[in-house]
Amino acid sequence: MLSIAPTGTGWIEVICGSMFSGKTEELIRRLKRAEIAKLNVSIFKPNIDDRFSKDHIVSHNEQKISSMTVSSASEILELAKDADVVGIDEAQFFESDIVDVCQQLADSGKRVIVAGLDQDYMGKPFEPIPQLLAIAEYITKTLAICVKCGRPANRTQRLNTDPKRVVVGSGDIYEARCRFCHEIFENR
Ligand code: ZN
């Protein structure tokens, strides 16, 4: 479906799903293939996410690739100006200007591959991913496996009761659940 080398026109690919669905693994797979094709690849993540590494994107299955950490989406425009392919992980942690940044990158002929959580722990759309889905040429939804029942899972269950929308963590405070097993604890 996707040609490997940009042909003068850019585009946006979004990889989204719950935690533990393999989003970062799929992002790394595409970026490594671009590197094999000798394309100039620049990879970014927000500075909120330093769970595993400051200078790499790391997947739960321990694949990794070098990345730069930025504190705002606008920094990407300058840092990626020589790139053919731009990878962005954990896009849900950027402000809404990530949408315009991705448009500008794609308009200037770059292939932009963005990965992020499409729902928060309440099962609500997690901005700015819905806006990115609307403008993307290609969308991949990755599903995890529900740890309760084994069905395909598209939700992230938070196992503690912190009411903040963003609590950065991994298997200790989150797990994948399907819509039937996902529980929302309100007013606790
Ligand atoms: Zn389930």
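A brief look at the structure comes next. (Residues numbered from 1 in each chain as written. Predicted model: local features only at pLDDT ≥ 70, side-chain atom pairs only at ≥ 80, totals over all residues. Heavy atoms only, no water.)

## Focus: the coordination of the zinc ion
Basically, it comes down to this: A donor here means an N, O or S atom no more than 2.8 Å from the metal, or no more than 3.2 Å when the metal is Na, K or Ca. Since water is not included, a site may seem to lack partners. Only two sets of limits are used to name each site, 85 to 135 degrees for every angle of a tetrahedral four-donor site, and over 155 degrees for opposite donors with all other angles from 65 to 115 for a square planar four-donor or octahedral six-donor site, with any other site named irregular. Put simply, DSSP marks the helices as runs of H or I at least four residues long and the strands as runs of E at least two long, and each gets a number from the N terminus on. Remark: exposure states derive from per-residue accessible area (1.4 Å probe, protein chains only) relative to the maximum for the residue type, with buried under 20%, exposed over 50%, and partly exposed in between.
Distances from the zinc ion to its protein donors, Cys146 (SG), Cys149 (SG), Cys178 (SG) and Cys181 (SG), fall within 2.3 to 2.4 Å. Given four donor atoms and angles of 102 to 118° at the metal, the environment of the zinc ion is assigned as tetrahedral. In terms of primary sequence, the donors binding the zinc ion are separated according to C-x2-C-x28-C-x2-C. In this pair, cysteine 149 is assigned in the loop between strand E9 (144–145) and strand E10 (152–153) and cysteine 181 in the segment after strand E12 (174–177), connecting sequence segments 32 residues apart. The exposure class assigned to cysteine 149 is partly exposed, which follows from its relative accessible area of 36%. Using a relative accessible area of 17% as the deciding quantity, one classes cysteine 181 as buried.

## Some details on the environment of glutamate 183
We count it as follows: Contacts are assigned to residue pairs that have any heavy atoms within 4.5 Å of one another. Two N or O atoms count as a polar contact when they lie within 3.5 Å, although within protein this holds only if one can serve as hydrogen donor and the other as acceptor, and sequence-adjacent residues are included solely when both atoms are side-chain atoms.
The residue glutamate 183 is located in the segment after E12 in this model. Residue glutamate 183 is classed as partly exposed on the basis of its relative accessible area, which comes to 39%. The sequence separation of glutamate 183 and arginine 155 amounts to 28 residues, and the corresponding C-alpha distance is 9.8 Å. Sequence-distant contacts of glutamate 183, that is, excluding residues within four places in its chain, are made with Gln157 and Arg177. Only 3.2 Å separates the side chain of glutamate 183 from the side chain of arginine 177, close enough to count as a polar contact.

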